[in-house]
Amino acid sequence: MWSAVVVGTYPSDTAVEVWLALQVGERDFGCLPGFRLQIKPPNQLWHVPIPPMGVEQRLRYRAFARLKDGHVISSDPLDAVVRANLPERGETDELTLPGGTALVGNRQMTARVDARGVTTDVYYPTVGLHSNVRPAEGDQPRSRTNFQAILGGLALGQRIDWFHERTRWNATQRYRDESNVLETTLHWRGGAIRVEQTDFVAVSGTCPTNQGGGEAPGQYFKRFRIINSGHTDREALFGVAVSAVINGGFGDVSLLWRDEDRVLIAANRGHGHANVKLGRLATLEFALALDDRGEIRYEPTGPFSGMLLRHLTLPAQGEAVVDLLVSGAFTGWLNDTHTYDFWIRPALEWFRSTDHDQLEARADEAWRTFAQGLPRLDLGRPDREAIFRRAALIAALHGDAHHGGFAAGYDRGLNAYCVPRQVAMTADLFSRLGQFDLALSAFDWLARVVQDQPTHRYWFGKYTIDGVPEWETPAIDQTAIIPWVLERHLKRAGDASLVQRFWPIIQRAAEVCMGDAGHPAIRWLDDLRLVRSAGLWDRRYGAFLHSNCAIVAGLRASARMARMLGHTQLATAWEERADLIWRQGILGESDATESLHCGQSHTDPTPAQVGSNHDTTVTSPASPPALLDKSSSPPRPGLVDPITGRFLDARRFSKVHHFWPDDPELLIDASPTISINLLSAHLPFGLLPPDDPRVVRSAEAILNFNRLPDDQLALVRWSHDPARSADSALELGLIPEPELSALATLWMARYLLQRGRETGRVEDLRAGLDFLDALLSRLDDLGTRLRVSARPRSETERMEQGLLMFYVWLLDLHLDLAGLEIDLLNRVVQLRPILLPDWPRIGLERDLPDGSIGYKLEQSQDSQGHQFHLTVTSRLADSLRLEVAVVCPHSGQFDRTSWLVRGDPSPIPIASLPRFDSTRRHLEFETVLPAGCWQGRWSWRCLPVSTSSWVTAVTSPPAADPAPHTPRFAQETKSNPARL
């Protein structure tokens, strides 16, 4: 960078010329001319520009002035040292540039690292936001909790080339295989210099102990290997720039260098507030220290920023190593003056006496051990299997090992809280993955957070990681989903004692669903047979389909678990309420149990009709009265739209954001939105099969109206329902700007795959796979960031990223493909894999508490049809019943003469004879997996319809369809496959 020296002469009219004699090191640079800057009587000021000089170079300069009479006068010589240049900032005043955000951690401390190795935040003492730790601008993507940036740089010439500068460094980044250890490689554009940076957090069992003997888990490492591939030695200056905003930057904040210990301390000793949520009633400190391989110099660059500098010698064909420690310390009270001695000093002694290579290897080994405990998925596609493992590793990073909660995400400050529905769904995922300890810790967290809520008995919208309420939004699905997930877990774990252990929260959740919530927004609407509350997205209030489906599923699960403990009366009451909500409130059945949709033909407006008068163009041949018929009293219950035959998003939909009015003028009887959660009756709650006409019509509407015009494989969360008037909705801002949603896209992909498995329709299977492939094509190389499109169009378009639920649903989808479900409580294994016609195989192997089980389904094709081979391997302490249903979507009939079975060491019982449903194209059979090590193999052939007249098929009658309906998108797919 250019610099300058200002020279003053006196009096103002005596000097006619000024110059500067400059010496750099031992070399004379000659004279630099001065330019008149200002006449400020009685002085005259001159400006002498100095060209860029190398960092750390010593300058000696002397000013000269020529007077009017020709005499030359001079100043005394002065000395200076060229300071290191600051990292360049962009137009948004950010040190980092757009790119992927990786996570590293040990499930007690989490660090965010961008695509060029810059640490953009550190979370401690929990994986997300603690009750006394919060960012300053939590609602902004740029918000930070503790650090704006921690980044390295290297000076090999005149300036430090900081690693985030794209014009100076080429960067690549990757996680180590089956590990959360992150590696960033930077190649210097100016020569044969390469930097290999490794980020990790020390794992439990390798961390230091504090003065009290407890483990100090907050030890984050940034390791730098600077490699000189050239043939000459190089002198370099290594730097680490730090910009701190500890605990959001509010309170008693400081950034101090302790020279005696060679450590930089960034601290916030907290501050009080009348509203505890806005206070920071704790002391939080971070120590930043370099290893003891050389001298360290600190240079402050601002009130809360500075640089750590070290001279390095890079030998030819050699390397130098610099390790940086970021050590966290937290105490739960204000102005703790002993934090340094109690936490930091022992950590520094440990850091400077421990083998860092061994710490890195132990962290890598710990994550590999976790990954090896995951189910082994075999799709015949290593890239997809790697995504599966990576998603599981990232999801695990969101979970706090001490408290048990899961952070919702890290893309902005407000997302690093715990959302109960997400904690429950993540517990369900890890239960499916066989990680029962993670699931149980999540249930313990859910039980603990409501212990101090005697009045408001529902689970709040958000909690801090340590379980303190943060956002009290009354969304009843967050409560209702808990017993449903808990029942699924106890079946997989085979542990009936969990019902007694968690009975208090089972009963509490059921009582809230019955009306004992303690909040006026959660209300039973007797005329609609529905419960009103906040919706899935926590913005609007109404009697939502998703919320009431969650209540039905939750009450039924609670009733079944209540009967296990002998609470028959409670179980009966809960079942009756669930049936009332389901049959009348949701399906709209009358007392005679006649569904509103039966016997009617329903059509949606085509996309070409959208924008016209939908009230006149969209009708039903049966001409049923609209739900918003003010002449009818009382209003008819039901969440099935009599106009279109699909589900409604909500009844009594509030026109007011974040409020629950009872005034009819502020309510819309039927929600004017088409939302992805119209699929809730099937997914996730399984209350209806995926081929139910009401679910099919709902999916058709989503595919017709929630897709982008120029990207048919990207969905938004919701859109306006063209079957309903938009005037009042648009005036009140009910319909938000379309927001691309990865969750909506995954939701649809899962639904289509499950429907294809249920019906045997190849079109549905391919459509679901197309949605999945399109979404995965938007993932960056790390699998941590989603581009808006495979071909990005605009930076203003956004798709949710960094969210826990994206990884949860992505993993659930892959487990749906594998189709291996375990019920150890009833000693049953269900195998329902989804094998597409062009896939050679699919398989899964997973551990059980008392052994393991795995399978592989392979297929091949020849002139006579498709040949299938199923191999099941088990190692069990006790026998299990195996129920198999394989979909053969490309086949017409089952060739019984091809059926071959073999068991080793014991034969397969005769009870395993197959049944073939030619309508759904399902081959089904059962057998018993014996105790001990066993392998069974089944082989069969399926023939096309045209060649199967001589085959004897065993079929089961197809289920009756009250209203046959072929989805429009499926029809269009047949004629135009490119649409999907």
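Residues numbered from 1 in each chain as written. Predicted model: local features only at pLDDT ≥ 70, side-chain atom pairs only at ≥ 80, totals over all residues. Heavy atoms only, no water.

K.L.:
Describe the sheet that holds strand β37 (residues 820-823), and please don't skip the residues or the numbers.
P.N.:
Taking strand neighbours across the sheet as the criterion, the 5 strands line up as β37-β38-β42-β45-β44 in an open arrangement whose pairing is mixed. Edge positions in the open sheet fall to β37 and β44 (915-917), since each of these has one partner strand only. Neighbour to neighbour, the strand axes of the sheet diverge by 15 degrees on average, direction disregarded. Looking at chain direction, strand β42 (residues 880-887) and strand β45 (residues 922-929) are connected through 8 bridges and run antiparallel. Bridge pairing links Glu883 to Glu926 in β45. (Pairing = 2+ DSSP bridges. Helix = DSSP H or I, 4+ residues; strand = E, 2+ residues; numbered from the N terminus. Axes fitted to C-alpha atoms, helices over the stretch in contact; angles between N-to-C directions.)

K.L.:
Now, about the sheet that holds strand β32 (residues 667-670): what can you tell me, with residues and values included?
P.N.:
If you walk across this open sheet you meet the 5 strands as β28-β29-β30-β31-β32, and the pairing is antiparallel. If you trace the sheet from one side to the other, it starts and ends with β28 (523-525) and β32, each paired once. On average, each strand axis in the sheet is inclined to that of its neighbour by 25 degrees, with strand direction left out of account. Sheet analysis places strand β29 (residues 530-534) next to strand β30 (residues 541-544), joined by 2 bridges and oriented antiparallel. Its bridge partner lying in β30, Ala534 is registered against Tyr541. Of the strands in this sheet, β28 and β29 are in contact with helix α10 (residues 568-586), which crosses β29 at around 90 degrees. (Contact = heavy atoms within 4.5 Å.)

K.L.:
Explain the nonpolar core residue by residue, including any values.
P.N.:
Ranked by internal contacts, the top residues of the largest apolar core, which has 229 residues, are Ile586, Met748 and Trp940. Contact partners of Ile586, with chain neighbours within four places excluded, come to Leu530, Leu545, Asn548, Cys549, Val552, Ile581, Gly638, Leu639, Val640 and Phe647. Formed by 22 residues, the second largest nonpolar core is a distinct cluster that contains Ala202, Val203, Cys207 and Leu325. (Core = buried A, V, L, I, M, F, W, Y, C linked by side-chain atoms within 4.5 Å. Buried < 20%, exposed > 50% of the residue type's maximum accessible area, 1.4 Å probe, protein only.)

K.L.:
For the environment of His403, give the residues involved together with the corresponding values.
P.N.:
Among the secondary structure elements, His403 is positioned in the loop between α3 (382-397) and α4 (420-432). For His403 and Ile465, which are 62 residues apart along the polypeptide, the C-alpha to C-alpha distance reads 6.8 Å.

K.L.:
Now, about the pairing of strand β18 (residues 234-244): what can you tell me, with residues and values included?
P.N.:
In regular strands, side chains alternate between the two faces of the sheet. Burial analysis of β18 places 9 of its 11 residues in the buried class, the great majority of the element. In this structure, strand β12 (residues 147-155) lies alongside β18, joined through 8 bridges in antiparallel fashion. Residue pairing across strands places Gly152 opposite Val240, the latter belonging to β18. Inspection of the sheet shows β18 paired to strand β23 (residues 305-314) by 10 bridges, in the antiparallel sense. Paired with Glu235 across the two strands is Thr313, which belongs to β23.

K.L.:
Which residues make up helix α1 (residues 339-351), and what values do they have?
P.N.:
Between its terminal C-alpha atoms α1 stretches 17 Å, which fits the 18 Å expected from 13 residues at 1.5 Å a residue. The axis of α1 is deflected most strongly, by about 25 degrees, at Arg345, and proline Pro346 appears within four residues downstream. Taken as a whole, α1 has its buried residues at Thr339, Tyr340, Trp343, Ile344, Pro346, Ala347, Leu348, Trp350 and Phe351. Considering only its buried residues, α1 is in contact with β17 (219-228), β19 (253-258), β20 (263-268), β21 (283-290), β24 (318-331) and α2 (356-372). (Expected span 1.5 Å × (residues − 1). Bend = angle between axes of the 7 residues up to and from the residue.)

K.L.:
An account of the packing of aromatic side chains is needed here, citing residue identities and associated values.
P.N.:
Enumeration according to the criterion identifies 32 aromatic pairs in this entry. Each ring, one from Trp257 and one from Tyr298, has its centre 5.5 Å from the other, and the planes form 10 degrees; the classification is stacked. With a gap of 41 residues between them, Trp257 in strand β19 and Tyr298 in strand β22 (residues 297-302) connect regions that are remote in the sequence. Look at Trp257 and you get partly exposed, because its relative accessible area is 21%. One aromatic cluster is present, built from ring pairs that chain together Phe868, Phe894, Trp899, Phe916, Phe925, Trp934, Trp938 and Trp940. Above the ring of Tyr340, the side-chain terminus of Arg258 is found at 3.8 Å from the ring centroid. Over the face of the ring belonging to Trp537 we find Arg717, whose NZ or CZ atom lies 4.2 Å from the ring centre. (Phe/Tyr/Trp six-rings, centres within 6.5 Å; stacked < 30°, edge-to-face > 60°. Lys NZ or Arg CZ within 6 Å of the ring centre and 35° of its normal.)

K.L.:
So what about the side chain of Gln44? Which residues, and what values?
P.N.:
Counting through the fold element by element, Gln44 comes out in strand β5 (residues 43-50). Side-chain polar atoms of Gln44 contact the side chain of Arg36, separated by 2.5 Å. Beyond its immediate sequence surroundings of up to four residues, Gln44 is in contact with Val7, Gly8, Thr9, Ser12, Ala15, Arg36, Gln38 and Ile39. (Polar contact = N/O pair within 3.5 Å; in protein donor to acceptor, adjacent residues only side chain to side chain.)

K.L.:
Please provide a residue-by-residue account of the confidence of the model for the protein, values included.
P.N.:
Averaged over all residues, the pLDDT of the protein equals 86, while 86% of them reach at least 70. Here residues 790-802 scores under 50 on pLDDT; set against residues more than four positions off or in separate chains, the count is 34 contacts. (pLDDT = per-residue confidence, 0-100.)

K.L.:
Can you tell me about the side chain of Ser719, naming the residues and giving the values?
P.N.:
Structurally, the position occupied by Ser719 is in strand β36 (residues 718-720). A distance of 2.4 Å separates a polar atom in the side chain of Ser719 from a polar atom in the side chain of Asn706. Once residues within four sequence positions are removed from consideration, Ser719 is found in contact with Pro672, Thr673, Ile674, Phe705 and Asn706.

K.L.:
An account of the packing of α2 against α3 is needed here, citing residue identities and associated values.
P.N.:
With their axes 10 Å apart at the nearest point, α2 and α3 run at an angle of 115 degrees to one another. In the packing of α2 onto α3, the handedness of the crossing is right-handed. Of α3, the residues touching α2 (which contributes Trp367, Phe370 and Ala371) are Ala392, Leu393, Ala396 and Leu397. Considering only residue class, the contact of α2 with α3 consists of 7 nonpolar, no polar and no charged. (Left-handed = near helix turned anticlockwise from the far one by under 90°. Nonpolar A, V, L, I, M, F, W, Y, C, P; charged D, E, K, R; others polar.)

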